Each structure stands twice: as structure tokens, then as C-alpha cells.
Amino acid sequence: GAGVSQTPSNKVTEKGKYVELRCDPISGHTALYWYRQSLGQGPEFLIYFQGTGAADDSGLPNDRFFAVRPEGSVSTLKIQRTERGDSAVYLCASSPGSDTQYFGPGTRLTVL
Amino acid sequence: QKEVEQNSGPLSVPEGAIASLNCTYSDRGSQSFFWYRQYSGKSPELIMSIYSNGDKEDGRFTAQLNKASQYVSLLIRDSQPSDSATYLCAVRLVSSASKIIFGSGTRLSIRS
């Protein structure tokens, strides 16, 4: 069956620009997570959705980062006024409510 | 102190030997622990989860948990070249039931 998909796979932008990263979870999965992974590091928690609501957004680094999941399925991570330090792979994972997380292929964001 | 700590490696193990990967965590009340495997350029995939003290075996993999020592380990028996990857330890925090925190990973190399 279809897994978690993320678009775009790669995004190159200039410092100060706005970007949106999209995640399509596995159908029926109620939980959705966003992580950020830098080279040589483990995934860093950003935000967790249960259904449409953000149950825990304590990992968002600052108010330039925002995420939505309006219909409880697709989620969009939005980054305003991008900085070079935002460059990383952004991973999305979905879960049926158990502990098993299924990760998407990630979006590699490069801020020039 | 980091919430989840792992030796970054690289850990080099001869083919056919046992690879031992270790992880410590700081949140004493944590109840859920996970090992993920991540190949270079790919997303993490769940290998095992463990919730109770002791050993849990799945094929060539054995996860070991000692909550008193706040220690989790993963043993890989009969190591194969295909086991060469980064292994990520992850812990669900008791302080925030939705948040799963990853260690920085241990890079494992199986030499023929």
C-alpha cells in the first residue's frame, strides 16, 4: 500500500523567503509528526498532531515555524523568513495511534 | 544532559559477529523505547520496540531494557554487511506522552 509521501523532495530557497513543505500520511493514520534532521544528528521533534489539532508543538524552534493539518490528513509545515540554519531534512511520520511511526522520504531544504 | 544519548561511533564489527549498540536516557519515568535503523540518505525504519525490563528478541535482533539504570541496548547477532547503517535509539517521554525523542545515532559498519 501507499506509504507516507512528502513533497517536494528537494527545495532550494533564498534566505528570507517563505516555504511550505507537504506531508501526505498513510490513509487512516490519526497521528502525524514532523521532525527535522541535520547531518550526523538524530531526528529532532518539531510538532505532533492528533487528528486536526496540534497536541504538542513544543519542538517548533521559533515563531517562524508553523504547521497545520486542517482536515486531519495532509499536513503542511510552513517556514517564514527562512534562515541558513533552517537547512536540514524535514521528516514527516504518521502512526495509526500505536507507537509505530512510519516515516516519509523527507524533504531536503537548502537555504542559500 | 541530553535526553537520549548514544555513542556516535563508528562501530566496526566483523561479519558474523555480534554488534552491541547502547543508549541511555534521562527521563526516569519513560515507558516506551524504540530502535530505528537508518541507511544513508534514507528515512528511519522501526526495528524494535520494548516496554518491559529484560530482553526482547526478534530474529537476529535482541533489545534489552534496564529501567533502573535507564539503559537500552540492541544486539545484532550474525552481523551482515546489510546491517551497516546508523541505529537510532528513541524514547517516548513520560512528561509529554506525544513526544518521541531520538538520540543522535550510532553508525555501525560491518566489515567482510
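Keep in mind the model is a prediction, meaning the values are calculated, not measured. (Residues numbered from 1 in each chain as written. Chains lettered and ligands numbered in written order. Predicted model: local features only at pLDDT ≥ 70, side-chain atom pairs only at ≥ 80, totals over all residues. Heavy atoms only, no water.)

### Regarding the pairing of strand β11 (residues 107-111) of chain A
Residue and element names in this part refer to chain A. Note the cut-off: For every residue, the accessible area obtained with a 1.4 Å probe (protein chains only) is divided by the maximum for its type, and the residue is called buried under 20%, exposed over 50%, and partly exposed between those limits. Helix and strand assignments follow DSSP, with helices taken as H or I runs no shorter than four residues and strands as E runs no shorter than two, numbered in order from the N terminus. When DSSP finds two or more bridges between two strands, those strands count as paired.
Residues T107, L109 and V111 line the buried face of β11, whereas the alternating positions R108 and T110 sit on a face that is not buried. The pairing of strand β2 (residues 10-13) with β11 spans four bridges and is classified as parallel. Across the sheet, residue N10 finds its bridge partner in β11, namely R108. The pairing of strand β9 (residues 88-95) with β11 spans three bridges and is classified as antiparallel. The residue of β11 that forms the bridge with Y90 is T107.

### As for the packing of aromatic side chains
The line we're drawing: Ring geometry is summarised as follows: Phe, Tyr and Trp rings, the Trp one being its six-membered ring, pair when their centres sit within 6.5 Å, and such pairs are stacked at plane angles under 30 degrees, edge-to-face over 60 and tilted between the two. In our convention, an over-ring charge means Lys NZ or Arg CZ found within 6 Å of a ring centre and within 35 degrees of that ring's normal.
The full count for this structure, using the stated rule, is ten aromatic pairs over all chains. Their ring planes at 20 degrees and their centres at 6.2 Å tell us that Y33 of chain A and Y35 of chain A sit as a pair that is stacked. An identical accessibility class is assigned to Y33 of chain A and Y35 of chain A; each is buried. Among the aromatic residues, those joined into a cluster by ring pairs are Y33, Y35, F45, Y48 and F103 of chain A together with Y36 and F102 of chain B. Positioned above the aromatic ring of F61 of chain B is the side chain of R60 of chain B, whose terminal nitrogen or guanidinium carbon lies 5.6 Å from the ring centre.

### Regarding the sheet that holds strand β3 (residues 19-24) of chain A
All names here are of chain A. Cut-off, in case you're wondering: Lines are fitted to the C-alpha atoms to define the axes, a helix being fitted only along its stretch in contact, and any angle between axes, read from their N-to-C directions, falls within 0 to 180 degrees.
Reading across from one edge, β1-β3-β8-β7 is the order of the four strands in this open sheet, with antiparallel pairing throughout. Sheet topology places β1 (5-7) and β7 (65-68) at the edges, where each strand pairs with a single neighbour. Along the sheet, successive strands turn relative to each other by an average axial angle of 15 degrees, direction set aside. Both β1 and β3 contribute to a ladder of three bridges, which runs antiparallel. Paired with S5 across the two strands is D24, which belongs to β3.

### As for the environment of D86 of chain A
Residues and elements named next belong to chain A. Operational definition: Pairing of N or O atoms within 3.5 Å defines a polar contact, subject to two protein rules: one partner must be a possible hydrogen donor and the other a possible acceptor, and residues neighboring in sequence count only if both atoms are side-chain atoms.
Among the secondary structure elements, D86 is positioned in the loop between β8 (75-79) and β9. Counting along the chain gives 60 residues from D86 to I26, while the straight-line C-alpha distance between them is 26 Å. At 2.8 Å, the side chain of D86 forms a polar contact with the side chain of R64.

### Considering the state of the cysteines
Operational definition: Cysteine sulfur atoms are paired as a disulfide whenever they come within 2.5 Å of each other.
In this structure the tally under the stated criterion is two disulfides over all chains. Shown here is the disulfide that connects C23 of chain A with C92 of chain A, its sulfur atoms set 1.9 Å apart. Because the torsion about its S-S bond is -65 degrees, the bridge between C23 of chain A and C92 of chain A counts as left-handed. With C23 of chain A in strand β3 and C92 of chain A in strand β9, this pair connects stretches of sequence that are 69 residues apart. Here C23 of chain A and C92 of chain A have matching classes, each one buried. C23 of chain B shares a disulfide with C89 of chain B; S-S distance 2.1 Å. In this structure, the disulfide formed by C23 of chain B and C89 of chain B twists by about -70 degrees around the S-S bond and is classed as left-handed. Placement of C23 of chain B in strand β3 (residues 19-25) and of C89 of chain B in strand β9 (residues 85-92) is noted, with a sequence separation of 66 residues between them. Accessibility classification places C23 of chain B together with C89 of chain B in one group, the buried group.

### Concerning the sheet that holds β3 of chain B
The strands making up a sheet associate through backbone hydrogen bonding, with each pair oriented either parallel or antiparallel. Residue and element names in this part refer to chain B. Across the sheet, five strands lie side by side as β1-β3-β8-β7-β6; this open sheet has antiparallel pairing. This sheet does not close on itself; its edge strands, each paired only once, are β1 (4-6) and β6 (54-58). Strand-to-strand twist across the sheet, computed as the mean angle between neighbouring axes with direction ignored, equals 20 degrees. In this sheet, strand β8 (residues 71-76) lies alongside β3 in antiparallel orientation, the contact comprising six bridges. The residue bridging S20 from the neighbouring strand is L75, located in β8.

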